[in-house]
Amino acid sequence: LATLGITDNRLKFIATGGMGTGVSHARNCGLKAACGNIIANLDSDDALDRNYLQQSVPLALAYGAVQTQIRFIEDTTGKELSNCGLEYSSRVLQLDTLYSACVHTYASIVYDRKKINFGWNEHIPLLEDAVFTAECAARLGGVYYQAEPLYDYYHRKDSLCNADDAPARFRKATQVIRKRIEAGEICAEDPKAQAIMLAYLTRNDVIELALE
């Protein structure tokens, strides 16, 4: 970044300790290094609207966590694609409704770690954001949904979600998550959230089988 003229003493660079250690491990490393209470993550192939934090931070402070709708964009052309999420007004949504609003990614979450004091589950190979969202909803009784799309999620043919072997990997991930739900490791104190998540995983398997 410095060679591009981008320098700012507010930026802190850290290492994860290895290559390919996974997104959850990388985010947890960031959590350990963070000094503030408001946490926002950004995947390496996505982008934030210039107003994303300005609008999300006050909501995170007020409600504990905020999930923002996305713009779904074709990476090669920059064309905005159809968003398959159902439309809702900005308000606190329960987990099942939240899952149907943000169907492409749940990475667009900003939260106050004074109220959300856990990180990402490093045992889960995929769908870690769906699990994290479930944990937030279970802890807070719902997550505030910001209907204005302020997070740009890019569709890339070679990405982890769109590679040829992606359907099989996603189905394997749902098996891992199911076992951890059954073992009481996910949303342990909220059976309703566990049931919603199991139904979500079943729907996801149907989609991945169709894609495969």
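Residues numbered from 1 in each chain as written. Predicted model: local features only at pLDDT ≥ 70, side-chain atom pairs only at ≥ 80, totals over all residues. Heavy atoms only, no water.

Trainee: Even after reading the chapter, I still don't get helix α2 (residues 52-63), so can you show me in this structure?
Mentor: Residue pairs spaced three or four apart in an α-helix point in one direction, given the helix's 3.6 residues per turn. Here α2 contains twelve residues, and its C-alpha end-to-end distance of 16 Å stays within 8% of the 16 Å for a straight helix at 1.5 Å per residue. Taken as a whole, α2 has its buried residues at Tyr52, Ser56, Leu59 and Ala60. Projected onto a plane normal to the axis of α2, the buried residues spread over an arc of 105° and lie on a single side. Turned more than 90 degrees away from the buried face of α2 sit Gln54 and Ala62, all of them exposed. Residues of α2 that are buried in the fold lie against β1 (38-40), β2 (47-48), β3 (65-74), β5 (109-112) and β6 (143-155). Immediately beyond the C-terminal end of α2, within one or two residues, lies Gly64, with a positive phi of roughly 100°. (Helix = DSSP H or I, 4+ residues; strand = E, 2+ residues; numbered from the N terminus. Expected span 1.5 Å × (residues − 1). Buried < 20%, exposed > 50% of the residue type's maximum accessible area, 1.4 Å probe, protein only. Arc of directions from axis to C-beta. Contact = heavy atoms within 4.5 Å.)

Trainee: Before we go on, may I ask you to explain unusual backbone geometry in this structure?
Mentor: With the exception of glycine, the majority of residues adopt a negative phi angle, and the majority of peptide bonds are in the trans configuration. Positive phi is not limited to glycine here, since Leu127 has a value of about 65°. Mapped onto the elements, Leu127 comes out in the loop between β5 and α4 (128-140). On the basis of relative accessibility, which here comes to 12%, the residue Leu127 falls in the buried class. Phi is positive for Cys187, which is not a glycine, with a value near 50°. Along the polypeptide, Cys187 turns up in the loop between α5 (166-182) and α6 (191-211).

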